Amino acid sequence: MKSVPHATSLRRAPVQRRSAERLTRILDACADLLDEVGYDALSTRAVALRAGVPIGSVYRFFGNKRQMADALAQRNLERFTEQVTERLKAARDGGWRSAMDAVLDEYLAMKRTAPGFSLVDFGNQIPVGARDAEPNHRVADRLTDLLSGYLDREPDDDLRRCFLIAVETADTLVHLAFRMAPEGDEKIIEEAREMLRAYLARVLD
């Protein structure tokens, strides 16, 4: 299994600080509007108005709202990775169980608090990006690179496959939990945690 490259959706990467701040405002506005009106009613014009930027600034970065949603998904993945990394630094000797808890807890936290995440998360709900960069493959690939050193394991095909199965399982069960309750059904979340522990123990112990 080859490493999946991360999708790129920006027409032009920001170079100056002012341009980067404008891009941040655009993505923040996109996230807020996704929560308020949904993806179908989202428009580049509404995003520009909410962000307080000219419509041309939006088109400088994105050709359409689909590319905006993909960029938001990529930003979510970057923030998720940063949060998991910080958690792992605080629990350096906790083993794979602590690492798994960090990954699941940070995903749940984003699910509950990050604007627009319920629709976009890492790209799962809206079919964005290239077919060879499916969101769960992106997440599993990122976790393999991040956790292989922490677990003192080679990031080989077996470990990559292991994390892909774990990510697919967690994704399905967490979505079920949030369909059952706005903040996520705790019993379903705990069942998901136990299933992940049982599967990963077979591979990582």
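Higher on the page you've got the structure.
Residues numbered from 1 in each chain as written. Predicted model: local features only at pLDDT ≥ 70, side-chain atom pairs only at ≥ 80, totals over all residues. Heavy atoms only, no water.

Any chance you could explain helix α2 (residues 44-51) here in plain terms?
In an α-helix, one turn spans 3.6 residues; hence positions three or four apart end up facing the same way. Within α2 the residues assigned to the buried category are Thr44, Val47, Ala48 and Ala51. Buried residues of α2, viewed axially, fall in a sector of 100°; they line one side. Opposite its buried face, α2 presents the exposed residues Arg45 and Leu49, each directed more than 90 degrees away. Those residues of α2 that are buried lie in contact with α1 (17-37), α3 (55-61) and α4 (65-90). (Buried < 20%, exposed > 50% of the residue type's maximum accessible area, 1.4 Å probe, protein only. Helix = DSSP H or I, 4+ residues; strand = E, 2+ residues; numbered from the N terminus. Arc of directions from axis to C-beta. Contact = heavy atoms within 4.5 Å.)

What am I meant to see in α1 here?
With 21 residues, α1 extends 30 Å between its outermost C-alpha atoms, agreeing within 8% with the 30 Å of an ideal straight helix rising 1.5 Å per residue. For α1, the elements touching its buried residues are α2, α3, α4 and α6 (117-120). Directly beyond the C-terminal end of α1, a positive phi value near 85° is found at glycine 38. (Expected span 1.5 Å × (residues − 1).)

Sorry, what's going on with the side chain of asparagine 136 here?
Here asparagine 136 is to be found in helix α7 (residues 135-151). For asparagine 136, a relative accessible area of 8% translates into the label buried.

Explanation requested: the pattern of salt bridges in the structure shown.
A side chain with one charge may pair with a side chain of the opposite charge, provided their charged atoms come close. Counted according to the given criterion, the structure contains 18 salt bridges. Ionic pairing is found between glutamate 190 and arginine 193, a salt bridge with its closest N-O pair at 3.5 Å. Within this pair, glutamate 190 and its partner arginine 193 are both found in helix α9 (residues 186-204), separated by three residues, close to a single helical turn. Relative accessible area serves as the criterion here: at 8%, arginine 193 is assigned to the buried category. (Salt bridge = Lys/Arg side-chain N within 4 Å of Asp/Glu carboxyl O.)

How should unusual backbone geometry be read in this particular structure?
Backbone phi values are negative for most residues with the exception of glycine, while trans is the configuration of most peptide bonds. With a phi close to 30°, aspartate 121 is a non-glycine residue in the positive phi region. Secondary-structure assignment places aspartate 121 in the loop between α6 and α7. A positive phi is found at aspartate 152, a non-glycine position, where the angle reads about 55°. On the secondary structure map, aspartate 152 appears in the loop between α7 and α8 (157-180).

I keep staring at the environment of leucine 196 and nothing clicks. Help me out?
Tracing the backbone through its elements, the reader meets leucine 196 in helix α9. When near neighbours in sequence (up to four residues on either side) are disregarded, leucine 196 contacts Met100, Ala166, Thr169 and Ala170.

It is not clear to me how the nonpolar core should be interpreted in this structure. Could you clarify?
Ranked by internal contacts, the top residues of the largest apolar core, which has 38 residues, are Phe80, Leu88, Phe122, Leu143, Leu147, Leu151 and Leu200. Of all the secondary-structure elements, those providing two or more residues to this core are α4, α5 (95-113), α7, α8 and α9. Beyond its immediate sequence surroundings of up to four residues, leucine 147 is in contact with Leu88, Ala99, Val103 and Phe163. By size, the runner-up hydrophobic cluster in this structure holds 23 residues, among which are Tyr39, Ala48, Phe62 and Val120. (Core = buried A, V, L, I, M, F, W, Y, C linked by side-chain atoms within 4.5 Å.)

Before we go on, may I ask you to explain the packing of aromatic side chains in this structure?
Applying the stated criterion to the full structure yields five aromatic pairs. Considering the side-chain rings of phenylalanine 80 and phenylalanine 122, the 5.2 Å spacing of their centres and the 50° angle between planes classify their relative orientation as tilted. A residue pair is termed long-range when its members are at least 10 positions apart, and phenylalanine 80 in helix α4 and phenylalanine 122 in the loop between α6 and α7 qualify at 42 residues. Each member of the pair, phenylalanine 80 together with phenylalanine 122, is buried. Put simply, the rings of Phe80, Tyr107, Phe117 and Phe122 pair up and form one aromatic cluster. Against the face of tyrosine 39 rests lysine 65, its NZ or CZ located 4.6 Å from the ring centre. Lysine 111 extends its terminal NZ or CZ atom over the ring of phenylalanine 178, reaching a point 5.6 Å from the ring centre. (Phe/Tyr/Trp six-rings, centres within 6.5 Å; stacked < 30°, edge-to-face > 60°. Lys NZ or Arg CZ within 6 Å of the ring centre and 35° of its normal.)

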